[in-house]
Amino acid sequence: MPSLSMTINGKQVTKDVDPNTLLVQFLRENLSLTGTHVGCDTSQCGACVVHVNGKSVKSCTMLAVQAEGSDVTTIEGLAQGDELHPMQAAFREHHGLQCGFCTPGMVMSAVDLLQNNPDPSETEIREWLEGNICRCTGYHNIVKAIQAAASEMRR
Amino acid sequence: MPENGIGAPVRRREDKRFLTGKGRYTDDINRPGQLYAYFLRSPVAHAKVTRVETAQAEAAPGVVAVFTGQDMAADNVGSLPCGWTVTDRHGEPHKAPPHYPLVRDKVRYVGDHVAMVVAESYAQARDAADLIEVDYDELPAVVDTKEAMSGTQIHDEAPSNLCFDWELGDKDAVEQAMSQAANVVELDLINNRLIPNAMEPRAAIGDYDSGTDSYTVYSTSQNPHLLRLILCAFVLNLPESRVRVIAPDVGGGFGSKIYAYAEETCCTWAAKKVGRPVKWTAERGEAFVSDAHGRDHVTNVKLAVDQEGKFLALKVDTTANVGAYLSSFSTCVPTYLYATLLAGQYATPAIYANVKAVFTSTAPVDAYRGAGRPEATYLIERVVEVAARQLGMDPAELRRKNFIKPDQFPYQTPVALTYDIGNYEASLDKALEMIDYKGFPARKAEAETRGKLRGIGLSAYIEACGIAPSAVVGALGAGVGLWESAQVRFNATGTVSVMTGAHSHGQGHETSFAQLVSEKLGIPYENVEIVHGDTGAIPMGMGTYGSRSLAVGGSAIVRACDKIVEKGRKIAAHLLEASVDDVEFKDGQFTVVGTDRSKSMGEVAFTAYVPHNYPEGVEPGLDETAFYDPLNFTYPAGVHIAEIEVDPDTGITQIVDWVAVDDFGRVLNPMIVEGQVHGGIAQGVGQALLENCVYDKESGQLVTGSYMDYTMPRADDLPSFRVGMTVTECTHNPLGVKGCGEAGAIAAPPALINAITDAIGEEIDMPATAEKVWRVCQARFAQAAE
Ligand code: FES
Ligand code: FES
């Protein structure tokens, strides 16, 4: 088994893994970071989105070994201690989640959107979320939350 | 009202864990020494299984055991039951063929359970399943709902694949009215088959403790107590007292997680066989083939209308597909949750429905968000709309003319239900105003200048929630009671634990139920903790479905709080040296009437646990349990209006505006309620525009078995919604609440299809995909050009 090193949520991690382990399996099974979810087997639901070197990535679509040496942020690494990231806070404030299953991926994806586009229109938000499926909210409040986080983060 | 009491849009307390990755869903749980299960599923729709050879798989690396239906038969494992017996037109019970967790002699749909492999790792279990040899003696698939009765027989017990032929209402009266009516409007409708697709796939862990001879089952369940009852009493023959079912955080259900499935049954049974915990998590592809599907009706509807537009009679003929086996509640969905709603919001004097339920070689069909009520609403609101068009009447005014009027409540419908209260015109007026109905012709004309076809569509829906009373559902064939229970327990230091039998899988009960208790007991919201989803912690429960949690579960909590206050008054009276009758309770204080002498709830709770100075004959402790059995269903109702534009060149429908005005009775947390409305509309829009479960007619293969083929609504398919409310309080529960979970999914499909057919001027079946709409537009252009 190859040994694999990467930085996850600011901590250096080294583990032996099977080369065919997906990044999402590595996070969930090897590191017990179960905040990243698996909602499909065709790379479409986005429940598994994490950041690899600052960019949103579907962790079900990437081998763990491909992340060798990378800087990975998962939903567990977004808040600063007890203080929620503005995106997390906005999802709570605007009821952008119900069952919470799509939420980690939604939040990670939305944070990346604002890195690319700090002031997105409603249409741009909806188009960006094309790769994230939510069955509960009808997206209405997710869009609202992202708009609110964007204006908060621009201040 | 305390700051976080009833009516406040309190932000949800469960969100912190979900937003920081600390939710605990079933697949997040791992038990020491656990093994993994993989299910070998049938690759064919319908076949005799003549041989299953497992030796090679058993010898594969990491494999601990391979089980087949014969192994379960040898252990006397029973059949998964259907909990509702429908009696047909001739007084016969429905056909309920056995539904074994692992098949014994025949497979009946693609995805049916042939064998279970248990191994050290999931990959090993999966690889080993490839080594199982199965001989299938294939039989023709039966897929089409309408043609099922002439297809190859699937179960020996069910000739013509007929599960039941059932009726409700006065057939003679309806036929008489039809024969004399000035107009009879007729429609043939398909209510398309859907796959629920909660984002969390189903999962289960069976864990057996040989030391205590007891089981713990972790499951993605909407109702853990019911799962325990079914596992113990019907399938595995275990004492309920030795089985604990935990349904931790559950990632959405929409009905699909109500039922007892083969997989959790097998994991529980196998855990004892192999002496180690057994875990299974569905892949999405497995969810597509094996979760219970929804809807799938083919209907002919006739509405008799007089010269003035008054509805005289409604006749409905439905064939409902129940799939290959009866799922836990599949029979009540196309009957008592469907035909009983056919009055809708209208005072139609005569109604008759005939429903034939048929077996097919497809996945079982059961309740999916709305369950029967969307099917009823769809046909009523479509035929009413078409009637308005044929009679040249305004569709809003035709509805208004036929509404049950506020002074007619309680209103006995011709199809068994008694509506307790409502004000349908109020919702209609508000919705018309919000969407600026009068301004529509101008907006349509403007759209035309841009080459767009603009349409508007209404839907005036009613729903029956709360599913109750037990005696009534029992008389109709339900195998269970439909009460709910709650335990409210003060701790000595004044905090409160509330154990509810309702289950939250997105509904936010931990917040809204705490608001309720905070208000009822006059204690800070922060001091109330809601416990759900664990049969080891909660006295009893019936779970969450049918928008029943607040109306039934919340009412049980109110009753338990009342008992707490009653006992508290005795304790307070003693402490205040007053007579119990002179002590009143308000805002968390027990006060001697007419004085300023009082004791707080906290002081009373402390005294109950440190009873040094205590009334004689009163037990220590402050811990009360209540069961609530509703007196009637509740009847949320409302009006949704969709405004859309069709691009005739692409067939794409754009939803430009959506107004929802709902009457849910009293609202506990408006933020959560609006969220439920949004989510429901999205699923309804999905059904009307995008989603369709398709089986290949020849092979019986599921064609739409992944997110590449089954179109889930994405963010860019939907608009923002405008939500308004009207309120008539439910008359028969202590909160005046009705339920809000399913409304959107019920109201949305007819609103949208009415809008699209208004725009394109032709009938169209769901889902109105861009391709279908485009074809209609092209045909019309071609016609116009001739
Ligand atoms: S798990 Fe669905 S996209 Fe990764
Ligand atoms: S909140 Fe449940 S899937 Fe998005």
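Numbers given for residues are sequential positions, taken from 1 along each chain in its written order. Chains carry letters and ligands carry numbers; both start at the beginning, A for chains and 1 for ligands, and go up in the order they are written. With pLDDT at 70 or above as the cut-off, local features in this predicted model cover only qualifying residues; side-chain atom pairs require 80 or more to be listed or tallied, and sums for whole chains, interfaces and linings still use all residues. Hydrogens are left out, water is left out, and the side-chain values use all remaining heavy atoms of the structure.

1. Observations regarding the overall build of chain B
Counting its regular elements, chain B contains 19 helices and 28 strands. Whereas a compact globule of 786 residues would reach a radius of gyration of roughly 28 Å, chain B reaches 27 Å, a difference of no more than 12%. On the principal axes, the C-alpha backbone points of chain B span a range of 95 × 75 × 50 Å. Any residue under 20% of the maximum accessible area for its type is buried, any over 50% is exposed, and the rest in between are partly exposed; the area is computed with a 1.4 Å probe on protein chains only. Looking at the 786 residues of chain B, the share that counts as buried comes to 64%. The long-range fraction of contacts in chain B, counting pairs at least 24 apart against all pairs at least 6 apart in sequence, stands at 80%. The Shrake-Rupley method, run with a 1.4 Å probe, gives the accessible areas here. Residue values count only the displayed protein chains as cover. Of the roughly 26,400 Å² that chain B leaves accessible, carbon and sulfur atoms contribute 49%. Mean positive and mean negative side-chain charge positions of chain B (69 and 103 charges, respectively) differ by 2 Å. Strands are runs of DSSP state E lasting at least two residues, helices are runs of H or I lasting at least four, and both sets are numbered from the N terminus onward. The size measure is the radius of gyration over C-alpha atoms, and the globule rule it meets is 2.2 Å times the number of residues to the 0.38 power. In what follows, a contact means two residues having at least one pair of non-hydrogen atoms within 4.5 Å. Positive: Lys, Arg. Negative: Asp, Glu. His and the chain ends are not part of the count. For charged residues, the charge sits on one atom: NZ in Lys, CZ in Arg, CG in Asp, CD in Glu.

2. What about the packing of helix H2 (residues 86-93) of chain A against helix H5 (residues 140-154) of chain A?
All names here are of chain A. At their nearest, the axes of H2 and H5 sit 8 Å apart, and the two run at 135° to each other. For the element pair H2 / H5, the angle class is oblique. H5 is crossed by H2, and the crossing has right-handed handedness. Between H2 and H5, the contacting residues are Pro 86, Met 87, Ala 90 and Phe 91 on the first element and Ile 142, Ala 145, Ile 146, Ala 148, Ala 149, Glu 152 and Met 153 on the second. Note on definitions: angles span 0 to 180 degrees between N-to-C directions of axes, and those axes are lines fitted to C-alpha atoms, for helices only across the stretch in contact. Reported orientations rely on four angle classes, namely roughly parallel under 35 degrees, roughly antiparallel over 145, roughly perpendicular from 65 to 115, and oblique for the rest. For any pair of crossing helices, the crossing counts as left-handed if the nearer helix is rotated counterclockwise from the farther one by less than a right angle, and right-handed if it is rotated clockwise.

3. Brief notes about the interface of chain A and chain B
Contacts between the two partners involve 42 residues from chain A, matched on the other side by 52 residues from chain B. Carbon and sulfur atoms supply 55% of the area that chain A and chain B bury against each other, a total of about 4,000 Å² over both sides. We define a salt bridge as a contact between a side-chain nitrogen of Lys or Arg and a carboxyl oxygen of Asp or Glu at a distance within 4 Å. At the junction of chain A and chain B, the tally comes to five salt bridges. The partner of Arg135(A) in a salt bridge is Glu691(B), and the shortest N-O contact between them spans 2.7 Å. Any pair of nitrogen or oxygen atoms within 3.5 Å is treated as a polar contact; in protein, a donor-acceptor pairing is required on top of that, and neighbouring residues in sequence qualify only through side-chain atoms on both sides. Remark: the boundary between chain A and chain B carries 29 residue pairs in polar contact (both at pLDDT 80 or more). Joining two parts hides part of their accessible area as seen by a 1.4 Å probe, and the buried area is that hidden amount summed over both.

4. With respect to the domain arrangement of chain B
Residue and element names in this part refer to chain B. An automatic or database domain assignment supplies the residue ranges for each domain. By domain assignment, chain B separates into domain 1 (31-139 + 199-252 + 257-290), domain 2 (371-466 + 633-785) and domain 3 (483-628). Computed from C-alpha coordinates alone, the two centres of domain 1 and domain 2 are separated by 38 Å. At the interface, nine residues of domain 1 touch 10 residues of domain 2. Both faces considered, domain 1 and domain 2 share a buried interface measuring about 690 Å² in area, 63% of it formed by carbon and sulfur atoms. On the domain 1 side of the contact with domain 2, Val 110, Met 199 and Phe 288 bury the most area, a combined 62% of that side's loss. Across the domain 1-domain 2 interface, the total number found is zero salt bridges. Here domain 1 and domain 2 share two residue pairs in polar contact (both at pLDDT 80 or more) between them. Nonpolar residues are Ala, Val, Leu, Ile, Met, Phe, Trp, Tyr, Cys and Pro. Charged residues are Asp, Glu, Lys and Arg, and all others, Gly as well, are polar. Considering only residue class, the side of domain 1 that touches domain 2 consists of seven nonpolar, one polar and one charged.

5. Examining the UniProt feature "domain: Aldehyde oxidase/xanthine dehydrogenase a/b hammerhead" (unreviewed entry) in chain B
When the UniProt feature table is mapped onto this chain numbering, "domain: Aldehyde oxidase/xanthine dehydrogenase a/b hammerhead" (unreviewed entry) sits at residues 20-140 of chain B. The distance separating the terminal C-alpha atoms of residues 20-140 of chain B is 50 Å; by composition the span is 15% helix and 29% strand. UniProt positions are given in the numbering used here, feature names are shortened, and annotations may be inferred rather than shown by experiment.

6. Quick notes on the sheet that holds strand S5 (residues 71-73) of chain A
All names here are of chain A. Note on pairing: two strands pair once DSSP finds at least 2 bridges between them. What the five strands build is an open sheet, ordered S2-S1-S5-S3-S4; its pairing is mixed. The two strands at the open ends of the sheet, each matched to only one other strand, are strand S2 (11-16) and strand S4 (55-58). Ignoring which end each strand starts from, the neighbouring axes of this sheet average 40° apart. As paired strands, strand S1 (residues 3-8) and S5 are joined by two bridges and run parallel to one another. Bridged to Thr 7 within S5 is Asp 71. Helix H1 (residues 23-30) rests against S1, S2 and strand S3 (49-52) of the sheet, and its axis sits at about 80° to S1.

7. What to know about the environment of Ser600(B)
All names here are of chain B. Its location among the elements puts Ser 600 in strand S24 (residues 598-600). In this structure the C-alpha to C-alpha distance between Ser 600 and Phe 67, which are 533 residues apart in sequence, comes to 60 Å. Look past the residues within four positions of Ser 600 in its chain and what remains in contact with it is Gly 588, Gln 589 and Phe 590.

8. Observations concerning the sheet that holds strand S26 (residues 637-647) of chain B
All names here are of chain B. Pairing in this open sheet of four strands is mixed, and the strands run S18-S26-S27-S28 from one edge to the other. Strand pairing shows two members of the sheet lacking a second neighbour, strand S18 (453-462) and strand S28 (722-725), which therefore form its edges. Each strand axis lies, on average, 15° off the axis of its neighbour in the sheet, ignoring direction. Bridge count between S26 and strand S27 (residues 652-663): 11 bridges; the pairing is antiparallel. Bridge pairing in S27 links Asp 647 to Ile 652. Where helix H18 (residues 743-760) meets the sheet, it contacts S18, S26 and S27, and its direction lies at approximately 150° from that of S18.

9. Concerning the pattern of salt bridges
Residues and elements named next belong to chain B. All chains considered together, the criterion is met by 52 salt bridges over all chains. Put simply, Arg 454 and Glu 643 hold a salt bridge, and the shortest N to O gap is 2.7 Å. With a gap of 189 residues between them, Arg 454 in strand S18 and Glu 643 in strand S26 connect regions that are remote in the sequence. A salt bridge links Asp 657 to Arg 722; the shortest N-O distance between them is 2.8 Å.

10. Some details on the packing of aromatic side chains
Residue and element names in this part refer to chain B. Two rings belonging to Phe, Tyr or Trp (six-membered ring only in the last case) form a pair when the distance between their centres is within 6.5 Å. Interplanar angles under 30 degrees mark stacking, angles over 60 mark edge-to-face geometry, and anything in between is tilted. This model, assessed by the stated rule, comprises 22 aromatic pairs over all chains. Ring centres of Trp 84 and Tyr 336 lie 5.9 Å apart, and the angle between their planes is 25°; on these two criteria the pair is classed as stacked. Here Tyr 336 lies in the loop between strand S14 (311-323) and strand S15 (350-359) and Trp 84 lies in the loop between helix H3 (69-74) and strand S4 (106-107), a separation of 252 residues in the sequence. Both residues of the pair, Trp 84 and Tyr 336, belong to the buried class.

11. Quick notes on the side chain of Thr21(A)
Residues and elements named next belong to chain A. The residue Thr 21 is located in the loop between S2 and H1 in this model. Within polar-contact distance, the side chain of Thr 21 engages the backbone oxygen of Asp 18 at 2.8 Å. With residues up to four places along the chain from it excluded, the contact list for Thr 21 reads Phe 26, Leu 63 and Ala 64.

12. Some points on the nonpolar core
For soluble globular proteins, nonpolar side chains are generally found buried alongside one another. Side-chain atoms within 4.5 Å are what join buried Ala, Val, Leu, Ile, Met, Phe, Trp, Tyr and Cys residues into a set we call a nonpolar core. Phe91(A), Ile146(A), Met116(B), Leu342(B), Tyr419(B), Trp658(B) and Leu752(B) are the most contacted members of the largest nonpolar core, which has 242 residues in total. Per element, the largest residue contribution to this core is 11 residues, and it comes from H18(B). If near-sequence neighbours (up to four positions away) are discounted, Trp658(B) is found in contact with His640(B), Ile641(B), Ala642(B), Ile681(B), Val685(B), Phe721(B), Arg722(B), Ala748(B), Ala751(B) and Leu752(B). Ranked by size, the runner-up nonpolar core spans 48 residues in total, among them Phe513(B), Leu516(B), Ala573(B) and Leu668(B).

13. So, helix H11 (residues 424-435) of chain B
Residues and elements named next belong to chain B. To estimate how far a helix should extend, the number of its residues minus one is multiplied by 1.5 Å. The end-to-end C-alpha distance of H11 is 17 Å, a good match for the 16 Å that 12 residues give at a rise of 1.5 Å each. Within H11, the full set of buried residues consists of Tyr 424, Ser 427, Leu 428, Ala 431, Leu 432 and Ile 435. Looking straight down H11, one finds its buried side chains confined to an arc of 130°; they lie on one side. Looking one or two residues past H11, Asp 436 carries a phi angle of roughly 55°, positive in sign. The arc in question is traced by the directions running from the helix axis to the C-beta atoms.

14. Notes on the environment of Pro713(B)
Position of Pro713(B) relative to the elements: it lies in the loop between helix H17 (670-690) and S28. Sequence-wise, Pro713(B) and Leu690(B) are 23 residues apart; in three dimensions their C-alpha atoms are separated by 6.9 Å. Among residues more than four places away in sequence, those in contact with Pro713(B) are Ile133(A), Arg135(A), Tyr139(A), Ala682(B), Gly686(B), Leu690(B), Glu691(B) and Leu718(B).

15. Observations concerning a negative patch on the surface
Excluding any residue in a salt bridge, patches collect residues exceeding 30% relative accessible area, merging like charges within 9 Å and nonpolar Val, Leu, Ile, Met, Phe, Trp and Tyr side chains within 5 Å. Negative charge collects at one region of the surface, where Glu124(A), Glu127(A), Glu130(A) and Asp716(B) lie side by side. Along the chain, Glu130(A) falls in the loop between helix H4 (122-128) and H5.

16. So, the side chain of Arg12(B)
Secondary-structure assignment places Arg12(B) in the segment before helix H1 (15-19). Side-chain polar atoms of Arg12(B) contact the backbone oxygen of Gln98(A), separated by 2.6 Å. A polar contact is formed between the side chain of Arg12(B) and the side chain of Asp15(B), at a distance of 2.8 Å.

17. Side note on helix H16 (residues 601-609) of chain B
Residue and element names in this part refer to chain B. What H16 keeps buried is the set Met 601, Val 604, Ala 605, Thr 607 and Ala 608. All buried residues of H16 fall inside an arc of 160° around its axis, so they share one side. Where H16 is buried, its residues touch strand S19 (484-490), helix H14 (509-521), helix H15 (549-575), strand S22 (583-586), strand S23 (589-592) and S24.

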